[in-house]
Amino acid sequence: MGFAVVICRAQVGMDAPEVKVEVNLGRGLPAFQIIGMPETTVREAKDRVRTAIINSGLEFPVARITVNLSPAELPKHGARFDLAIALGILAANEAIPASALETVECYGELALDGALRAVPGMLPALLAAHHENRVALLPPANEAEAALLRTPMAYAATDLTTAVQHLTQQQPLKPIAPAALAEQQQQVPDMADVQGQPVAKRALLLAAAGGHHVLFVGPPGTGKTMLAKRLNGLMPPLSEQHALEVAAIQSLSNQRFELSQWRQRPFRSPHHSCSAASLVGGGCEIAK
């Protein structure tokens, strides 16, 4: 019987607090329980993890398995803990050396055949892992987010078997190389195209120079959106830190990030008839 700890991270808005996946194999009747405020998706990991380990040709221990997601007061949701739980069980069963998991953070949803599926909100977790000088093991579908970091510190494993072979040094994976980010700024609508509207154009110039907010008031069709689109052209490109924050928000909302839009300021154009709830958003599991 053994004990192992694997590092993962939860998702709380833009933050990615550290979660220690503690796995203990004890004596007694075979059982598998997950504690530490897991939501339904996390509790269902028991069946995914057990089946994935068996279908990957690895030994699933016949023991009383207790998985604690620490800190216990932090709610956990999503399937991002599947890989960490599976590797913790294998490490506690001495199929993986515990030392191989000390500086690795593991993420990914396990399919029943052991394949790794993408998880949302990967970029905030990668930024936090980079700050702690740890490497990350993640699904191939999240490679684009890992490639935004300028330091190679992530590995993509296609399935559970590949992850185990990497940790046991049987077939080490190559780190995900940083992507070639676009340096050329895309063309944006130019203020010179606007005919008239001298007061509104001067207001935009002052707002861009001083970093002020702008409120356009008027009936539909008077040029509010047309002017607002041209504000981005008056402002400098995003810094690398701010560009990563924008990409992190897109990661959290499951939006596809395009490398050609790197350091481009995003622009949203909601319809003038939208309600306050649709404008601000709500009801998303991420915001809970």
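Computed from a predicted structure; not experimentally measured. (Residues numbered from 1 in each chain as written. Predicted model: local features only at pLDDT ≥ 70, side-chain atom pairs only at ≥ 80, totals over all residues. Heavy atoms only, no water.)

K.L.:
What exactly am I supposed to notice about the pairing of strand β8 (residues 135-138) here?
P.N.:
For a regular strand, the rule is simple: side chains alternate between the two faces of the sheet. Inspection of the sheet shows strand β5 (residues 104-106) paired to β8 by 3 bridges, in the parallel sense. For Glu105, the partnering residue across the bridge sits in β8 and is Ala136. Pairing of β8 with strand β9 (residues 154-156), which is carried by 3 bridges, proceeds in the parallel orientation. Counterpart to Ala136 in the pairing with β9 is Ala154. (Pairing = 2+ DSSP bridges. Helix = DSSP H or I, 4+ residues; strand = E, 2+ residues; numbered from the N terminus.)

K.L.:
Can you walk me through the domain arrangement of the protein in this structure?
P.N.:
How large an interface is tends to be reported as the accessible area lost when its parts come together. Here the domain parsing of the protein yields domain 1 (3-168) and domain 2 (191-268). In this structure, domain 1 and domain 2 have C-alpha centres spaced 39 Å apart. The interface is formed by 12 residues belonging to domain 1 together with 12 residues belonging to domain 2. Across the domain 1 to domain 2 interface the summed buried area is about 920 Å²; carbon plus sulfur atoms make up 76%. Among the residues of domain 1 in contact with domain 2, Met14, Leu123 and Leu148 are the three that bury the most area, contributing 49% of the side total. Counting every contact that joins domain 1 to domain 2 gives 0 salt bridges. Connecting domain 1 to domain 2 are 0 residue pairs in polar contact (both at pLDDT 80 or more). The biggest single contributor to the side of domain 1 that touches domain 2 is helix α4 (residues 122-131), with 4 residues. (Domains from an automatic or database assignment. Contact = heavy atoms within 4.5 Å. Buried area = accessible area lost by both parts, 1.4 Å probe. Salt bridge = Lys/Arg side-chain N within 4 Å of Asp/Glu carboxyl O. Polar contact = N/O pair within 3.5 Å; in protein donor to acceptor, adjacent residues only side chain to side chain.)

K.L.:
Just to check I follow, could you spell out the pairing of strand β4 (residues 64-70) for this structure?
P.N.:
In the sheet, strand β2 (residues 18-26) pairs with β4 via 7 bridges, with the strands oriented antiparallel. Bridge pairing links Asn24 to Thr66 in β4. In this sheet, β4 lies alongside strand β3 (residues 31-35) in parallel orientation, the contact comprising 5 bridges. Bridge pairing links Ile34 to Val67 in β4.

K.L.:
Before we go on, may I ask you to explain the nonpolar core in this structure?
P.N.:
What tends to happen in soluble globular proteins is that the nonpolar side chains get buried as a cluster. Grouped together as the largest cluster of nonpolar side chains are 73 residues, with contacts concentrated most on Val21, Ile85, Leu87 and Leu137. In terms of residues, this core owes the most to one element, helix α3 (residues 82-92), which gives 9 residues. When residues of this core are assigned to domains, at least three fall in each of domain 1 (3-168) and domain 2 (191-268). The residues contacting Ile85, other than those within four sequence positions of it, are Val21, Val23, Phe32, Ile34, Ala45, Val49 and Val67. (Core = buried A, V, L, I, M, F, W, Y, C linked by side-chain atoms within 4.5 Å. Buried < 20%, exposed > 50% of the residue type's maximum accessible area, 1.4 Å probe, protein only.)

K.L.:
Looking at this structure, how should I read the state of the cysteines?
P.N.:
Simply put, the disulfide is a covalent bond whose two ends are the sulfur atoms of two cysteines. According to the stated counting rule, one finds 0 disulfides in the structure shown. No disulfide involves Cys8; its nearest neighbouring cysteine sulfur is the one of Cys106, lying 7.6 Å away. (Disulfide = S-S within 2.5 Å.)

K.L.:
What is the right way to read the environment of Pro75 from this model?
P.N.:
Considering the arrangement of structural elements, one finds Pro75 in the loop between β4 and α3. The exposure class assigned to Pro75 is partly exposed, which follows from its relative accessible area of 38%. Taking C-alpha positions, Pro75 is 42 Å from Lys224, a pair spaced 149 residues apart along the chain. Other than its neighbours up to four places away in sequence, Pro75 contacts Met37 and Glu39.

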